[in-house]
Amino acid sequence: MILLVFVLLALVILDVSLGTVKIPFGEIISILGGKNDVSRQHQLILLEFRVPRIITALLAGSALAVSGLQMQTIFRNPLAGPYVLGISSGASLGAALVLLGSGAIASGILLNWGIVAAAWIGAASVMLILLLITMRVRNIMTILILGIMFSSGLSAIISIMQYFGNAAALKSFVIWSLGSLGDVSGTSLAILSLTIIPGLILSLFTVKGLNALVLGEEYAATLGVNVMRTRILVFISTSILAGSITAFCGPIGFIGIAVPHIARLLTGRSDLRYLLPATMLMGMCILVFSDIISQVPGSERILPINAITSLIGIPVVIWVVLSRRKSFS
Amino acid sequence: MAEQRNNLLSISNLSLGYSPAITLVESIQASVGAGEMIALVGRNGSGKSTLLRTLAGIQNIRKGEVRMNDKNIGSMHPAELSSLISFVGTGFREFADLTVFELVSLGRHPYTNWWGALREADKQRIMESLKFVGMDGFVRSRINNLSDGERQRVMIAMSLAQDTPLLILDEPTAYLDIPNRITIAEVLFKLKDSGRSILFSTHDFDIAFAYADQIWIINDNKMLIGAPEDLGIQGAYDQLFSNSGLAFDQKNMRFGKSRKITKKICLHNTGNSSVDYWTSRSLERAGFKVVKAKDADLAEIFIEQRDEELCWILRMYDTSRKYNSLYELTRDLKLGS
């Protein structure tokens, strides 16, 4: 765990130092230290672009990884992720409605906020519907199947909208769906932090219940765990975490599915009291690492973050499927 | 009437079933005393698991009342119930890759804080529980690497760590070999000795007869209750599987298909009780009744034992044949009769 903190620090420092414009390390320290005797341009690049991007990566990495862990535990399915409940599809539908539905090629702050708000509303509506279902359906596997169906249904609607959307709107939507850590800064970063941090804190309160749920719902109930309350807490925290990140950064895949497995492998623990913090840190590490890769160090290009996380995540998922021993609930 | 006994758990007028239309067991009246061990028996699908799950608070009570320490469990908070009744389910489902310690520590759930942090006293209780079931050498082992018997003992340790006066176990000896079954039964017996009450379902009548203070039999939507021997006198065992054509054999304390006896045969005992016993068993299994010489139909059997050699001589229609094993003897007898 301590090792992970150091790895994370190293990655963050590396990420801060890298970029199309080279800024000497000493200068970075001075800028972050609040000194003004440095290049104005460098200060701008660092404080307006790099630092917000890294903070976003830290928030997104921990949020997606934690919600993935929660979903895998509650559904007792190693391939569940933050998006199985259709939260990402809900957010995408919201974004699609603004980008494709409006038909306007408006740009700037208004459009950006429109997308974020619509994506947020989309994710929240899906969450509400699922919570209502959860109150009535006892079997957790039924909920999983409903979530997947829901997700596919929403994707189908988005496909239809894409088919009828005009070329420019389509391009903006595709760019949104590629995901980006760089579009969040200033006020939006503050809002994102204000939702993600309570979401992460809420996730800590699901640890005890989730640990008992590893044994199945019957045992959890006889151990005095309120299964329904745990389930609702988990869904709310996942929706806040995954929903907000998707709204602000677009859908970022595979962090949620892959990171809990990496954390499990590295810590060798299944107890969520260790695994959840480890997953949080691991998620931060992997997304910051992906961010470094996406900038293709030494070049001027920036690759879409979603592609990088997929390329890192897919081998992990394949490995999980192939090597799945009795090791997972 | 004896003096009023202090009941730990009392069940009155409880009915079990799935939907309003399907009733499994009607109006159960039963009680569990402190330090009692109770075996619940009955056919597959008779409602044993449903009863246990209802008492453990997993399923809601449809009709009737269950009181624990004279308090209705239906109105109890789950956390309160979990400090009074613990539950070990049937068989084993794959859990996450927990260690033995991690699994048993879940038994402390009713007593830990919001984060599930273990205090020193909790850890001590976990170790005591593991020691009680003889699994204290496996603290760091992964439960998925244990044998079925070891895993069952760890599950019992978990419910032990839960520190409840009543333990409910659904078929704790299922899927286990004989030594493991006895180990589990002995662990439960030791628990009973320590003053806890144990209610377990089983298909293992040997264990029920040998260990239980009470047997609860579910048969024909009703529950019969009594000491194993009381039920024997009432003829409860004879009825239990009668519609499957099974009779209860009192001499051997087991159920079986009653065999059609074809012939009577005379066996001259040798005095070696083991040889005599197994020989008459073998003849009975082949469908012969062992009788005195004057009642026999045609055949007689002599056993000869010289030095290490053992042989059976069958005399029939004035001819004699010699056999070196009971297998050959009974095979010929069946062909001849």
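Numbers given to residues run from 1 along each chain, matching the order in which its sequence is written. Chains carry letters and ligands carry numbers; both start at the beginning, A for chains and 1 for ligands, and go up in the order they are written. In view of the model being predicted, local features appear only for residues whose pLDDT reaches at least 70, and side-chain atom pairs are presented and counted only at 80 or more, with totals across whole chains, interfaces and linings using the full set of residues.

### Let's talk about the overall build of chain B
Item 1. The way it works is that DSSP assigns letters per residue, a run of H or I at least four long becomes a helix, a run of E at least two long becomes a strand, and they are numbered from the N terminus. Scanning chain B from terminus to terminus reveals 11 helices and 17 strands.
Item 2. Just to be clear, the radius of gyration here is over C-alpha atoms, and the globule rule we use is 2.2 Å times residues to the power 0.38. For 337 residues, the compact-globule formula gives about 20 Å, and the C-alpha radius of gyration of chain B, at 26 Å, lies well above that figure.
Item 3. Residue burial here comes from a neighbour count, namely the number of other C-beta atoms, placed from the backbone, that lie within 10 Å of the residue's own C-beta, with 20 or more meaning buried, 12 or fewer meaning exposed, and in between meaning partly exposed. When the 337 residues of chain B are sorted by exposure, 36% land in the buried category.
Item 4. Contacts here follow a simple rule: the backbone-placed C-beta atoms of the two residues must lie within 7 Å. A separation of at least 24 residues holds for 63% of the contacts in chain B among residues at least 6 apart in sequence.

### A look at the overall build of chain A
Item 1. Helices and strands together make up the secondary structure of chain A, namely 14 helices and 0 strands.
Item 2. Secondary structure elements in chain A, listed N-terminal to C-terminal, are α-α-α-α-α-α-α-α-α-α-α-α-α-α.
Item 3. Relative to its length of 329 residues, chain A is compact, with a C-alpha radius of gyration of 20 Å against a globular reference of 20 Å.
Item 4. Along the longest, intermediate and shortest principal axes, the C-alpha atoms of chain A span 65 × 50 × 35 Å.
Item 5. Within chain A, the proportion of its 329 residues that are buried is 48%.

### A few points about unusual backbone geometry
Residue and element names in this part refer to chain B.
Item 1. Located in the positive-phi region is aspartate 70, a residue other than glycine, with phi close to 65 degrees.
Item 2. Considering the arrangement of structural elements, one finds aspartate 70 in the loop between strand 4 (63–68) and strand 5 (71–72).
Item 3. In the Ramachandran plot, aspartate 220 falls in the positive-phi region, its phi being about 55 degrees despite a non-glycine side chain.
Item 4. Considering the arrangement of structural elements, one finds aspartate 220 in the loop between strand 9 (214–219) and strand 10 (222–226).

### Focus: the packing of helix 5 (residues 148–161) of chain B against helix 6 (residues 178–193) of chain B
The relative placement of two packed helices comes down to the angle between their axes together with the axis-to-axis distance.
Residue and element names in this part refer to chain B.
Item 1. A fitted line through C-alpha atoms serves as each axis, taken over the contacting stretch for helices, and the angle formed by two N-to-C directions is quoted from 0 to 180°. Across the interface, helix 5 lies against helix 6 with an axial gap of 10 Å and an inter-helix angle of 15 degrees. Taken together, the axis directions place helix 5 and helix 6 in an arrangement best described as roughly parallel. Every pair of crossing elements has a handedness; the one defined by helix 5 and helix 6 is right-handed. Residues Gly149, Gln152, Arg153 and Ile156 of helix 5 lie in contact with helix 6, whose contacting residues are Asn180, Thr183, Ile184 and Val187.
Item 2. Of the residues assigned to the contact of helix 5 with helix 6, the class counts are 3 nonpolar, 4 polar and 1 charged. The labels follow the angle: roughly parallel below 35 degrees, roughly antiparallel above 145, roughly perpendicular from 65 to 115, and oblique for the rest. In a left-handed crossing the near helix is turned counterclockwise from the far helix by less than a right angle, and in a right-handed crossing that turn is clockwise. In this count, Pro and Cys sit with the nonpolar residues alongside Ala, Val, Leu, Ile, Met, Phe, Trp and Tyr, while Asp, Glu, Lys and Arg are called charged and the others, Gly among them, polar.

### Notes on the interface of chain B and chain A
Item 1. Facing the 23 residues of chain B at the interface are 23 residues of chain A.
Item 2. Only helix 2 (78–81) and strand 6 (85–88) of chain B provide two or more residues apiece to the side of chain B that touches chain A.
Item 3. When grouped by side-chain class, the residues that make up the side of chain B that touches chain A number 12 nonpolar, 7 polar and 4 charged.

### Focus on the pairing of strand 12 (residues 254–257) of chain B
All names here are of chain B.
Item 1. Two strands form a pair only when DSSP identifies at least two bridges running between them. In the sheet, strand 11 (residues 246–249) pairs with strand 12 via 4 bridges, with the strands oriented antiparallel. Among the inter-strand pairings, aspartate 249 is bridged to a residue of strand 12, identified as arginine 254.
Item 2. In textbook terms, the turn of a hairpin is the stretch between consecutive antiparallel strands, and for strand 11 and strand 12 this stretch comprises 4 residues, one of which, methionine 253, has a positive phi near 50 degrees.

### Comments concerning the domain arrangement of chain B
Item 1. Note: domain ranges come from an automatic or database domain assignment. As far as domains go, chain B holds domain 1 (7–251) and domain 2 (263–336).
Item 2. Look at where the C-alpha atoms of domain 1 of chain B and domain 2 of chain B centre, and you get two points 47 Å apart.

### Examining the nonpolar core
Item 1. Core analysis: the biggest nonpolar cluster contains 165 residues, and Ala60(A), Ala95(A), Val288(A), Val104(B), Ala157(B) and Ile168(B) have the highest contact counts within it.
Item 2. If one sorts the elements of this core by residue count, helix 13 (residues 272–294) of chain A sits on top with 14 residues.
Item 3. Beyond its immediate stretch of four places on either side in the chain, Val288(A) contacts Leu11(A), Val12(A), Asp15(A), Ile54(A), Ala57(A), Leu58(A) and Gly61(A).
Item 4. Counting residues in each nonpolar core, the second largest holds 8 residues, with Leu267(B), Ile301(B), Leu329(B) and Leu333(B) among its members. The nonpolar core criterion groups buried Ala, Val, Leu, Ile, Met, Phe, Trp, Tyr and Cys residues into a set whenever they are joined through C-beta atoms within 7 Å.

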